[in-house]
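Residue-level listing of the chains:
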Amino acid sequence: MSDSIQTIPDTLPLLRDRIDAIDSQIQALINERARCAQKVAEVKLHEQGEEAVVFYRPEREAQVLRRVMERNEGPLGHEEMAKIFRQIMSSCLALERPMRIAFLGPEGTFTQQAALKHFGASIISSPMAAIDEVFREVESGAAHYGVVPVENSTEGVVNHTLDSFRDTHLKICGEVEERIHHHLLVSPNIDPADVTHIYSHQQSLAQCRAWLDRYWPHAERIAVSSNAEAARLVSEAGMSAKAIAAIAGDIACELYGLVKVSANIEDRPDNTTRFLVVGKQDVEPSGCDKTSLLISAKNEPGALYHLLAAFDRNGVDMTRLETRPSLVSRWDYVFYIDFVGHHQDKACQSVIEELKARASEVRVLGSYPVAVL
Ligand SMILES: C=C(O[C@@H]1C=C(C(=O)O)C=C[C@H]1O)C(=O)O
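Scoring rules and cut-offs
Going along each chain's sequence as written, the residues are numbered from 1 onward. Totals for whole chains, interfaces and linings use every residue, but because this is a predicted model, local features are given only for residues with pLDDT of at least 70 and side-chain atom pairs only at 80 or more, for both listing and counting. Values reported for side chains reflect all heavy atoms of the structure, with hydrogen atoms and water molecules removed beforehand. UniProt positions are given in the numbering used here, feature names are shortened, and annotations may be inferred rather than shown by experiment. Neighbouring residues are identified by heavy atoms, a residue being near a molecule or strand if any of them is within 4 Å of it. A 3.5 Å cut-off defines polar contacts: any pair of N or O atoms within that distance qualifies, except that in protein one atom must be a possible hydrogen donor and the other a possible acceptor, and neighbouring residues in sequence count only when both atoms are side-chain atoms. Note on areas: Shrake-Rupley with a 1.4 Å probe; residue coverage comes only from the protein chains shown. Going along the chain from the N terminus, every DSSP run of H or I of four or more residues is numbered as a helix, and every run of E of two or more is numbered as a strand. Any pair of Phe, Tyr and Trp rings, taking the six-membered ring for Trp, is counted once the centres come within 6.5 Å. Such a pair is stacked with planes under 30 degrees apart, edge-to-face with planes over 60 apart, and tilted for the rest. Note on exposure labels: buried denotes an accessible area under 20% of the residue type's maximum, exposed denotes more than 50%, and partly exposed covers the range between, all computed with a 1.4 Å probe on protein chains only. Salt bridge, as used here: a side-chain nitrogen of Lys or Arg that lies within 4 Å of a carboxyl oxygen of Asp or Glu. Start and end points for every domain follow an automatic or database-based domain assignment. Every residue pair with non-hydrogen atoms within 4.5 Å of one another is taken to be in contact. What counts as buried area is the accessible surface, traced by a 1.4 Å probe, that two parts surrender upon association, with contributions from both included.

Looking at an unreviewed UniProt entry, one finds the chain named Bifunctional chorismate mutase/prephenate dehydratase and attributed to Marinomonas spartinae. UniProt, in its Function (unreviewed entry) section for the chain, records the words "Catalyzes the Claisen rearrangement of chorismate to prephenate and the decarboxylation/dehydration of prephenate to phenylpyruvate." You can read under Subcellular location (unreviewed entry) in the UniProt record for the chain the words "Cytoplasm".

Caption draft 1: Broad picture of the site of the ligand. Every residue close to the ligand is listed here: Arg33, Val40, Lys44, Phe55, Tyr56, Arg57, Arg60, Glu61, Met89, Cys92, Leu93 and Glu96. Here an oxygen atom of the ligand sits 3.0 Å away from a polar atom, N or O, in the main chain of Arg57. Within the complex, the protein chains bury 90% of what would otherwise be the 360 Å² of accessible surface of the ligand. Of all elements in the fold, only helix 2 (12-52), helix 3 (58-71) and helix 4 (78-96) reach the threshold of two or more residues within the shell around the ligand. Examining the composition of the shell around the ligand, we find that four residues originate from one element, helix 4, more than from any other.

Caption draft 2: A look at the packing of aromatic side chains. Within this structure, the stated rule accounts for six aromatic pairs. Their ring planes at 85° and their centres at 5.2 Å tell us that Phe135 and Phe165 sit as a pair that is edge-to-face. In this pair, Phe135 sits in helix 6 (residues 131-139) while Phe165 sits in the loop between helix 7 (159-164) and strand 5 (171-179), placing the two residues 30 residues apart along the sequence. We note that Phe135, like Phe165, is buried. One aromatic cluster is present, built from ring pairs that chain together Tyr56, Phe119 and Tyr145.

Caption draft 3: Inspection of the pattern of salt bridges at higher detail. Under the counting rule described, the total for this entry stands at 22 salt bridges. For Glu96, the salt bridge identified is with Lys44, shortest N-O distance 3.4 Å. Residue Glu96 is located in helix 4, and its partner Lys44 is located in helix 2; the two are separated by 52 residues in the primary sequence. Residue class for Lys44 comes out buried when judged on its relative accessible area of 12%. With a shortest N-O distance of 3.0 Å, Glu151 and Arg274 are connected by a salt bridge. Pair noted here: Glu151 is in strand 3 (residues 145-152) and Arg274 is in strand 11 (residues 272-279), with a separation of 123 residues, a long-range link. By sharing partners, the salt bridges in this structure join Glu151, Glu175, Arg274, Lys290, Arg320, Glu322 and Asp338 into a single network.

Caption draft 4: Region of the structure containing the domain arrangement of the chain. Per the domain assignment, the segments making up the chain are domain 1 (3-94), domain 2 (98-180 + 272-278), domain 3 (183-262) and domain 4 (283-369). Once you take the C-alpha centre of each, domain 1 and domain 4 turn out to be 37 Å apart. In this complex, domain 1 contributes six residues to the contact, which on the side of domain 4 involves seven residues. At the boundary of domain 1 with domain 4, total buried surface from both sides reaches about 450 Å², with 59% on carbon and sulfur atoms. Considering only the side of domain 1, the residues that lose the most area to domain 4 are Pro58, Glu59 and Arg66, jointly responsible for 76% of the buried surface there. The interface formed by domain 1 and domain 4 includes zero salt bridges.

Right, here's the structure in full:
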């Protein structure tokens, strides 16, 4: 046991004095850290110039968070401690340059929740109406980065996101995983027994299908553009005492002042959505990375077999394979492949070279740190 733990006082006034003293030390240290971050910004500007300067470094942030978790001795849990440092870095980065993050809106979506989880709260977040608008906002430079959903553990891939990579030069700079909890929500003035219609995004309706069949078999299910939009409709309908319900998450519930009729109604308790962070940056290795590729295969026998064999030969661990129509000609496909490692790693480079010899197009969509939080 360290000295500081042994000397913890045991009366309320002394404990509070001790906490006050610790807080002022923490505050001074956080500001010292912030001054270092400001200096980092100066050095970056000097070395890279105003045009090329990159303030946000995902690989460095991932390393900082991993180290926080590794050295953590408690009693605060590893994730809890990492969340605190996540916010400290977010505040420091905002001093260097406030980050503008476009996300699939409206306000209150799980994508916004993912953006805040990844970048911390000190960002300027811009809700976009559609996934391709998020890409355009980043391409035009109106936002520094974008956040879009890419796959859900219950419902599979988000095709719009995968398809958007065909027409963009944006890179994948990061991934975020978010446990998705859905709730049945109504306006505070509505009796849940009167509800006849339930609104949500089609993915959310699908993720709660068995629960709805069991408890609300007679309610009509209506798919809308997002579950935050469903929550907004319910709050609006509540004003004219119209009894409808929404399925949405916590931030939408809070944002629109709704009440929970039933909480955590998703059919699978491990329901998780993975989001991607897109930007213009090529991210350096963090030591624990993933790479995403887009491959157009030649239409010949054994094409996929040969692509997969390249991973096996080089001992590279493939974590995901998706197939989408190429949109160029009928029955022609593109493959999206994720694997463990960074495209600068030797084994990954060998895989990419071998794939290039076999496929008509191989594009590295990005190498990025494996999600820490
Ligand atoms: C301070 C830096 O800039 C940013 C802020 C970081 C931080 O507060 O630790 C880490 C990486 C960057 O996103 C840096 O590059 O080291």
